[in-house]
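In case you want the letters, here they are:
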Amino acid sequence: MWKGEIAIANEIVFTELRFRNVTPAKLAKALGLTEKVLMQVLRFELDEAEQLRMVQLINSIAA
């Protein structure tokens, strides 16, 4: 993937957070991270498997 695709792909995670009404703080807590570290992680490249894992986790938190 080139850099633009990665930025777009990471937007999927942010979109799911908003759509599922899950706060970044809740996601960070579920991952055992601080919100600041979570935002740093999401700003860098997430491969497809990591993106899918994040979306699945968001869905489980929202349920």
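Computed from a predicted structure; not experimentally measured. (Residues numbered from 1 in each chain as written. Predicted model: local features only at pLDDT ≥ 70, side-chain atom pairs only at ≥ 80, totals over all residues. Heavy atoms only, no water.)

### Describing the overall build of the protein chain
Here is the rule we go by: The numbering of helices and of strands both runs from the N terminus, where a helix is a DSSP run of H or I of at least 4 residues and a strand a run of E of at least 2. A simple rule labels every residue: compare its accessible area, found with a 1.4 Å probe on the protein chains alone, to the largest value its type can have, and call it buried under 20%, exposed over 50%, or partly exposed in between. Whether two residues are in contact is decided by their heavy atoms: any pair within 4.5 Å suffices. Each accessible area is a Shrake-Rupley estimate made with a 1.4 Å probe; only the visible protein chains count as cover when residues are assessed.
The secondary structure content of the protein chain amounts to four helices and zero strands. Starting at the N terminus, the α and β elements of the protein chain follow one another as α-α-α-α. The buried share among the 63 residues of the protein chain stands at 30%. A separation threshold of at least 6 residues defines the contact pool for the protein chain, and within that pool the share at least 24 residues apart is 66%. Of the roughly 4400 Å² that the protein chain leaves accessible, carbon and sulfur atoms contribute 59%.

### Examining the environment of Thr15
Structurally, Thr15 can be placed in helix α1 (residues 3–19). Residues Thr15 and Val55 lie 40 residues apart in sequence; the distance between their C-alpha atoms is 9.6 Å.

### With respect to the confidence of the model for the protein chain
Rules: The predictor reports its confidence for every residue as pLDDT, a score running from 0 up to 100.
The pLDDT averaged across the protein chain works out to 82; a share of 86% of its residues lies at or above 70. Taking the mean pLDDT of every element in the protein chain, the minimum, 73, falls on α1 and the maximum, 91, on helix α2 (residues 24–31).

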